[in-house]
Amino acid sequence: MSVKYAKRMDYIKGSAIRELLKLTEQPEIISFAGGLPAPELFPIEEMKEVCVRVLDTDGKAALQYSPTEGYMPLRKIIAERMKKSGVEISPEHILITSGSQQGLDFCGKVFLDEGDTVICESPSYLGALNAFKSYLPKFVEVEMDKDGMKMDELEKALQANPNAKFIYTIPDFQNPSGITMSVERRKKLVELAVKYNVPVVEDNPYGELRFEGERLPAIKHFDTEGMVIFLGTFSKIFSPGLRVGWVAASPEIVRKYVLVKQGADLQSNSMAQREAAAFVQMFDLDAHINKIIEVYRKRRDLMIETMEKEFPEGFTFTYPNGGLFTWVEMPEGVDAAEVLKKALEEKVAFVPGGSFYPNGGNENHCRLNYSCMPEDKIVEGITRLGKVFKKL
Ligand code: PMP
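Read on for an overview of the structure. (Residues numbered from 1 in each chain as written. Predicted model: local features only at pLDDT ≥ 70, side-chain atom pairs only at ≥ 80, totals over all residues. Heavy atoms only, no water.)

**Some words on the site of the ligand**
- Residues in close proximity to the ligand total 14 residues, the closest being Ser100, Asp203, Tyr206, Thr233 and Ser235.
- Backbone polar atom of Ser100 to an oxygen atom of the ligand: 2.7 Å apart, as the coordinates give it.
- Lys236 is positioned such that a nitrogen or oxygen atom in its side chain is 3.2 Å from a nitrogen atom of the ligand.
- It is helix α4 (residues 99-111) that contributes the most residues to the shell around the ligand, 4 residues altogether.
- Residues belonging to the shell around the ligand are distributed by class as follows: 5 nonpolar, 6 polar and 3 charged. (Near = heavy atom within 4 Å. Polar contact = N/O pair within 3.5 Å; in protein donor to acceptor, adjacent residues only side chain to side chain. Helix = DSSP H or I, 4+ residues; strand = E, 2+ residues; numbered from the N terminus. Nonpolar A, V, L, I, M, F, W, Y, C, P; charged D, E, K, R; others polar.)

Here it is as structure tokens:
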């Protein structure tokens with residue numbers, strides 16, 4: 001067979017790591033590789049009531065086609081909730097998407113032609129990098145420190161790439177590093193976006209999962225010129241299976257996203273949108289989020305404590321104040337993908353960090369997830385990993 005594929009298919013590759021990670025599905029493996037919410041916290045009983053209510057009160061519409069922009073009561077709920085991070089936006093400027101992953105893909109579709117530049121954090125979320133890669137861009141990575149993307153480095157990147165199409169950032173409890181961008185830098189980022197006329201894509205699935213301290217204003221809070229495109233989702237605070245996310249942006253930009261959504265899937269799932277709205281109306285989403293926070297905070301504490309005890313010198317890690325991940329830096333020259341093979345022999349898994357750097361390098365990192373493992377397994381798994389590290 002010699003069918004001719006699009007050029008983009010050369011850039012979308014299954015990785016060897018994916019193959020290794022398939023092994024992590026075996027029950028005897030303690031896996032810190034995934035990025036899944038804890039399934040025992042899903043509000044299953046409440047959702048039974050929600051589904052019945054939606055079908056009883058609004059069944060015909062729930063099973064029918066619906067507007068591309070999304071279910072208005074849900075858009076209103078989202079606009080109201082976004083006020084908590086200092087964003088005043090009207091429901092009309094919100095487009096419901098099938099998870100924020102679809103929003104990421106649309107960023108590529110709306111902004112990127114082949115060879116265009118995307119500026120991103122180094123490291124950055126693999127799923128976003130892969131979504132953007134379909135549009136054949138080049139990536140310019142900006143270094144981070146404990147306060148997020150370094151703004152002087154970002155300005156240099158903008159000067160060197162004046163035609164960059166957008167700056168992609170995950171400001172809260174970043175995937176993969178767990179790092180949060182400081183308030184000063186959020187302000188500065190918007191200033192730079194305006195100065196260089198390059199929009200910001202603020203991808204924020206984790207902001208509401210803060211374990212301590214005050215919630216920070218979104219980058220979009222500082223946006224007076226319509227330069228920030230905010231991507232949100234119910235995946236980590238409620239259920240990823242529903243696939244309900246959103247894009248919040250200026251009317252002009254949202255219009256473009258609506259046009260590409262019409263081509264992609266016409267609309268997001270009518271039933272799921274109503275379910276998400278009904279859950280918020282019938283139950284207390286914030287109380288539910290607090291339950292998630294309690295559980296994840298304990299798991300984070302236990303993981304960090306055990307890492308402090310069990311990891312040898314030369315292995316450093318971030319201390320996330322929320323979200324799902326911590327990020328380990330191994331000594332220079334260590335290849336985390338090779339370490340993973342050894343870890344799997346000890347029946348413990350993680351994601352090697354190299355693939356979070358779109359231009360390669362930095363193989364000596366790994367991402368650890370703490371949201372999805374019970375406490376005893378966290379201690380056991382990190383102890384095993386410590387053993388593997390000590391042998392290196
Ligand atoms: N952005 C980031 C940073 C993520 O970590 C994820 C999920 N892992 C997504 C977007 C996509 O989430 P969803 O499509 O479920 O909303």
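**A closer look at the packing of helix α11 (residues 336-345) against helix α12 (residues 375-391)**
- Two elements in contact, α11 and α12, have axes separated by 10 Å at closest approach and are oriented at 125°. On the basis of their axis angle, the class for α11 and α12 is oblique. Taken as a pair, α11 and α12 cross one another with a handedness that is right-handed. Residues Val339, Lys342 and Ala343 of α11 pack against Leu385, Val388 and Phe389 of α12. (Axes fitted to C-alpha atoms, helices over the stretch in contact; angles between N-to-C directions. Parallel < 35°, antiparallel > 145°, perpendicular 65-115°, else oblique. Left-handed = near helix turned anticlockwise from the far one by under 90°. Contact = heavy atoms within 4.5 Å.)

**Description of the packing of aromatic side chains**
- Tallying each qualifying case throughout the model produces 15 aromatic pairs.
- Seen from their ring centres, Phe132 and Phe166 are 5.1 Å apart, and the 75° between their planes marks the pair as edge-to-face. Placement of the pair is Phe132 in helix α5 (residues 126-133) and Phe166 in strand β6 (residues 166-169), with a sequence separation of 34 residues. Neither residue differs from the other here; Phe132 and Phe166 are each classed as buried.
- Within the aromatic cluster, the residues linked to one another by ring pairs are Phe111, Phe132, Phe166, Tyr168 and Tyr257. (Phe/Tyr/Trp six-rings, centres within 6.5 Å; stacked < 30°, edge-to-face > 60°. Buried < 20%, exposed > 50% of the residue type's maximum accessible area, 1.4 Å probe, protein only.)

**Considerations on the sheet that holds strand β4 (residues 138-145)**
- Spatially, 8 strands are ordered β2-β9-β8-β7-β6-β3-β4-β5 in an open sheet, and the strand pairing comes out mixed. Either end of the sheet is taken by a strand with one partner, and the two such strands are β2 (94-97) and β5 (148-149).
- Pairing geometry for β4 and β5, over 2 bridges, is antiparallel. When the bridges of β5 are listed, Met144 appears paired with Met149.
- Sitting on the sheet, helix α6 (residues 151-160) is in contact with β3 (117-122), β4, β5 and β6, with an inclination near 160° to β4. (Pairing = 2+ DSSP bridges.)

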